[in-house]
Amino acid sequence: CREAAFWSLRQLLLDDVGWAEMFEEYAAASPRARQSTFQALVTRVDLVGPRSNVNLGELARLLTAGMSDSFAGTRAFAFKAAWHWWVWNPPLREAINRAWVDALLREESNALAEMALRYSTVSMLIVNGQIANQTGGKNVDQQYPELQDMYELLTERREEAGETERIRFDWRLTAVAA
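Here, residues in each chain are numbered from 1, in the same order as that chain's written sequence. It should be noted that, the model being predicted, local features are given only for residues of pLDDT at least 70 and side-chain atom pairs only at 80 or more, the latter also being counted only at that level, while totals for whole chains, interfaces and linings use all residues. Side-chain calculation: all heavy atoms of the structure are included, whereas hydrogens and water are not.

A.B. asks: Which residues make up helix α4 (residues 56-66), and what values go with them?
C.D. replies: Exposure is judged per residue with a 1.4 Å probe applied to protein chains only, and the accessible area is read against the type maximum: over 50% gives exposed, under 20% gives buried, and values in between give partly exposed. Put simply, DSSP H or I for four residues or longer makes a helix, DSSP E for two residues or longer makes a strand, and each gets a number counted from the N terminus. When we look at burial in α4, the residues that qualify are Leu59, Ala60, Leu62, Leu63 and Gly66. Looking straight down α4, one finds its buried side chains confined to an arc of 160°; they lie on one side. Every residue pair with non-hydrogen atoms within 4.5 Å of one another is taken to be in contact. Contact partners of the buried residues in α4: α2 (19-26), α3 (31-41), α5 (72-88) and α6 (93-105). Note that the arc is defined by the directions from the helix axis to the C-beta atoms.

What follows is the structure, given as structure tokens:
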């Protein structure tokens, strides 16, 4: 029943129906409803090419808010959703990059949300890197300059971090690489 609800919301949004209502309702929603919103947002869709009517600024705010939501289930699904949106919707990349780096430095009290952050980070860095992989020859730059921006932001924020944040950050990236 819950899966049908996620699918239904996802289909409405893909048909460009309900975005404004979802943004409006999210702030007042219960923790489980916020989590369900992000479960519906775990999808691969390009909204830029077909010129969707969605407000991409609002979508970026929603995705980044979910990554620091007070409910662990929302945070877990927000990371999974965010890396998919990053790939297919370039206008969202900068905001997602900033929120992601913030999350890597922030303490996570829930073990399942921590695991979701770790596995989604693998997807964010490796899968996107594979998609953006150079083809050789004259193509010395990858196709996603925002991925390079994320690596630079990771480096910058690590250097600025206090000792506790830096240790947490290093531990997380080591766990991602393991």
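A.B. asks: So what about unusual backbone geometry? Which residues, and what values?
C.D. replies: Even without being glycine, Asp16 reaches a positive phi, approximately 65°. Structurally, the position occupied by Asp16 is in the loop between α1 (2-14) and α2. A residue is classified by how much of its surface remains accessible, and Asp16, at 27% relative accessible area, is partly exposed. If you check the backbone angles, Arg51 has positive phi at about 55° while not being a glycine. For Arg51, a relative accessible area of 69% translates into the label exposed.

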